[in-house]
Amino acid sequence: MSFASPLFLWYFMPAVLAVLLIAPRGWRNGVVAVASLLFYASGAGGTTLLLLVCIAVNYLVAPALEPDEWDLGRARKRWMLIGVITLNVSILFVWKYAGFLTEQAAVLAGWFGLETPVVELALPIGISFYTFHHISYVVDIYRGERRALRDPVSFVTYISMFPQLVAGPIVRYHEIADQLPQRRTHRLDDIAAGLPRFALGLTKKAVVADSLAPVAAACFATPAEEMTFAVAWLGAITYTLQLYFDFSGYSDMAIGLARMLGFRLPENFARPYSSVTVTEFWRRWHMSLSRWFRDYVYIPLGGNRGGKRKTYRNLWIIFLLTGVWHGANWTFVVWGLFHGALLVAERALGWDRGPGGTAALVGRRILTMLLVTAGWVVFRAPDLASALNVLGNMVLPDLSGLTYDVESALSNQRLLILVLAATVFLLPGRSVTGPYLESARTRPAAVLRVAVVTAGLCYAAILVATGTFSPFLYYQF
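These numbers come from a predicted model, not from an experiment.

K.L.:
What is the right way to read the overall build of the chain from this model?
P.N.:
Looking only at helices and strands, the chain has 20 helices and 0 strands in total. The C-alpha atoms of the chain give 23 Å as radius of gyration, which agrees with the globular expectation for 477 residues (23 Å, within 12%). Expressed along its principal axes, the backbone C-alpha trace of the chain runs to roughly 70 × 60 × 50 Å. By the burial criterion, 53% of the 477 residues in the chain qualify as buried. Considering only contacts in the chain between residues 6 or more positions apart, those separated by 24 or more positions represent 77%. Here the chain displays about 21200 Å² of accessible surface, and carbon together with sulfur accounts for 67% of that area.

Structure, rendered in structure tokens:
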């Protein structure tokens, strides 16, 4: 079930909100937990059992990790923590990467005339996200930052909360622990605050991202011998915009939905295409993932405390893991290493703090967007050969123009949306629309809320009704 589907918009979401409005206050977590498992099972089918097993194991182990619980000693607790983290990572590894690794092994064996089996497993939706939630939970408890949840319903609510279960934001346990007790009573206020944010996200997804998707698909599907300078650049720019409006739209919808349920999720985007360095880009893009890697990998590795060489090593490790986390393909590995190299280069050159002066700022912002866009080509391409073909044509100008298939996909309406969407490249990094829409109490904010809910939501709902929506891009991760 997708947020941008008639089943969700017209039946599931209204039903859940209606039950929450009439249910006693102490039933909130129970309603959310049941609704979340139903939501997940509708798309995941039998792999829902894997989610339930992970929930059960982490819930049962966590209380023993508390510093002042169970007289096990710090060393034994540490080994228990390592064990449960290893289990979580192993489950993710098997289901997400076993097929890729056995396929590579089969290719290698073929060079020697041997045959080896290739494992084919259906990837459970959202496994990368709920694995990181489980790891955050047990680590925060081991560190003594929060107490373990004794109420299983509250724990299921945290892990499986349907707004963020499938594609984030990644909510670290200490960010939401204080919200799990069922104290909130202003339910209509929460709905009034969350609905405009949800409407903004749906508009981004249905109106912008889904309009750009056929153009990007046509460009990247162009055969290598027909690829041109114009097709390559159109594909790169269109996908750069599609990915942003699709994923940030999902995040807006998730944050708005959670607010309507009585929870406040962390922000995930802050105008990333306004960045003047790649370092700043990663402070603004998929912020919940960046913060997770910072807290649970980068800092434990030593962060930037061990001198330049160890800092550079840690950055490479983080972005290699970031690439691998996104998928089992060499394109993701290269994309992660590419961004790791950019961050190391910026830190080595002293560029990570940003330029001084207007001309330098504009130049660095353009350079940053060119580098980020080149990275998205690798991210989007089905394989490295295709990525190199697109990148090669981007740096070799020609006068061939667009192919027939790309011209057919690029209708006048989609061209207009592409031009309007491209204004995001020019916007300043301040005044991020989502948080402003949700919390500002000014007259312009009120007008914007009414416009988004009445015009944006209605038009997006019409598009959904016609069946023009497509799955969210981050569902595959």
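Text resumes after the structure shown.
K.L.:
Honestly, unusual backbone geometry in this entry has me stumped. Any pointers?
P.N.:
Glycine aside, negative phi is the norm for most residues, and most peptide bonds take the trans geometry. Even without glycine at this site, R271 takes up a positive phi of about 50°. Structurally, R271 is set in the loop between α10 (229-261) and α11 (278-284). According to the relative accessible area criterion, R271 is buried, its value standing at 13%. A positive phi angle is found at H286, which is not glycine, with a value near 45°. Within the fold, H286 resides in the loop between α11 and α12 (287-298).

K.L.:
Help me understand the nonpolar core in this model?
P.N.:
One recurring pattern in soluble globular proteins is that nonpolar side chains are buried together. One finds F3, F8, Y137, F162, Y273, W285 and W376 to be the most contacted residues of the largest nonpolar core, which totals 140 residues. It is α10 that provides the largest number of residues to this core, a total of 18 residues. Not counting residues within four places of it along the chain, the set of residues in contact with F8 comprises M1, S2, F3, M13, P14, F39, F162, F198 and L257.

K.L.:
Can you walk me through the packing of helix α1 (residues 6-22) against helix α9 (residues 187-220) in this structure?
P.N.:
Axis angle and axis distance: for two packed helices, these are the angle between their axes and the distance between the axes, and together they describe the pair. Running from N to C, α1 and α9 point in directions that differ by 165°, and their axes come no closer than 12 Å. In terms of orientation, α1 lies roughly antiparallel with respect to α9. At the point where α1 passes α9, the crossing takes the right-handed sense. Together, F8, L9, M13, L20 and L21 of α1 and R187, L188, I191, F198 and L202 of α9 make up the contact between the two elements. Of the residues assigned to the contact of α1 with α9, the class counts are 9 nonpolar, no polar and 1 charged.

K.L.:
What exactly am I supposed to notice about α1 here?
P.N.:
Every α-helix carries 3.6 residues per turn, so stepping three or four residues along brings you back to the same face. Between the first and last C-alpha of α1 there are 24 Å, a value that for 17 residues agrees with the 24 Å anticipated at 1.5 Å per step. At F12, α1 is deflected by roughly 30°, the largest bend along its length, and proline P14 occurs up to four residues later in sequence. Here the buried face of α1 lies against α2 (28-44), α7 (162-165), α9, α10 and α20 (443-465).

K.L.:
Would you take a moment to explain a nonpolar patch on the surface for this structure?
P.N.:
On the surface, F93, V94, L101, V119 and L121 cluster together to form a nonpolar patch covering roughly 380 Å² of accessible area. Position of V94 relative to the elements: it lies in helix α4 (residues 74-110). Residue classification places V94 among the partly exposed positions, given a relative accessible area of 36%.

K.L.:
How do you make sense of the side chain of S288 when you look at a structure like this?
P.N.:
Tracing the chain through its elements places S288 in helix α12. Look at S288 and you get buried, because its relative accessible area is 1%. Filtering out sequence-adjacent residues up to four positions away, S288 remains in contact with P169, I170, E267 and N268.

K.L.:
Sorry if this is basic, but what is going on with helix α3 (residues 48-61) here?
P.N.:
Spanning 14 residues, α3 covers 20 Å between terminal C-alpha atoms, matching the ideal 20 Å at 1.5 Å per step. For α3, every residue scored as buried is listed here: T48, L50, L51, C54, I55 and N58. Projected down its long axis, α3 shows its buried positions confined to an angular sector of 160°, all on one face. Exposed residues on α3 whose side chains face more than 90 degrees from its buried face are L49 and L60. Turning to α3, the residues buried within the fold contact α2, α4, α5 (127-142), α6 (152-160) and α7.

K.L.:
Explanation requested: the packing of aromatic side chains in the structure shown.
P.N.:
The way to describe two aromatic rings as a pair is by their centre distance and the angle between their planes. Enumeration over the complete set of coordinates arrives at 44 aromatic pairs. Note on F8 and F39: the rings are 5.9 Å apart at their centroids and 75° apart in plane angle, and the pair reads as edge-to-face. Placement of the pair is F8 in helix α1 and F39 in helix α2, with a sequence separation of 31 residues. Like F8, the residue F39 is buried in the burial classification. Over the aromatic face of Y239 sits the side chain of R380, whose NZ or CZ is 5.8 Å from the ring centroid.

K.L.:
Can you walk me through the pattern of salt bridges in this structure?
P.N.:
Two side chains with opposite charge may pair up if their charged atoms get near one another. Across all of its chains, the model carries 14 salt bridges by this definition. In this structure, the salt-bridge partner of D210 is K205, at a minimum N-O distance of 3.0 Å. You'll find D210 and K205 in the same group, each marked buried. With its nearest N and O atoms 2.7 Å apart, the salt bridge here joins K205 to D246. A residue pair is termed long-range when its members are at least 10 positions apart, and K205 in helix α9 and D246 in helix α10 qualify at 41 residues. In this pair, the class of K205 matches that of D246, namely buried. Connected via shared salt-bridge partners are R172, E175, R294 and D295.

So, how was this worked out
- Residues numbered from 1 in each chain as written.
- Predicted model: local features only at pLDDT ≥ 70, side-chain atom pairs only at ≥ 80, totals over all residues.
- Heavy atoms only, no water.
- Helix = DSSP H or I, 4+ residues; strand = E, 2+ residues; numbered from the N terminus.
- Rg over C-alpha atoms; globule rule 2.2 N^0.38 Å.
- Buried < 20%, exposed > 50% of the residue type's maximum accessible area, 1.4 Å probe, protein only.
- Contact = heavy atoms within 4.5 Å.
- Areas by Shrake-Rupley, 256 points an atom, 1.4 Å probe, with all protein chains shown as cover.
- Core = buried A, V, L, I, M, F, W, Y, C linked by side-chain atoms within 4.5 Å.
- Axes fitted to C-alpha atoms, helices over the stretch in contact; angles between N-to-C directions.
- Parallel < 35°, antiparallel > 145°, perpendicular 65-115°, else oblique.
- Left-handed = near helix turned anticlockwise from the far one by under 90°.
- Nonpolar A, V, L, I, M, F, W, Y, C, P; charged D, E, K, R; others polar.
- Expected span 1.5 Å × (residues − 1).
- Bend = angle between axes of the 7 residues up to and from the residue.
- Patch = residues over 30% accessible without salt bridge, like charges linked within 9 Å, V, L, I, M, F, W, Y side chains within 5 Å.
- Salt bridge = Lys/Arg side-chain N within 4 Å of Asp/Glu carboxyl O.
- Arc of directions from axis to C-beta.
- Phe/Tyr/Trp six-rings, centres within 6.5 Å; stacked < 30°, edge-to-face > 60°.
- Lys NZ or Arg CZ within 6 Å of the ring centre and 35° of its normal.

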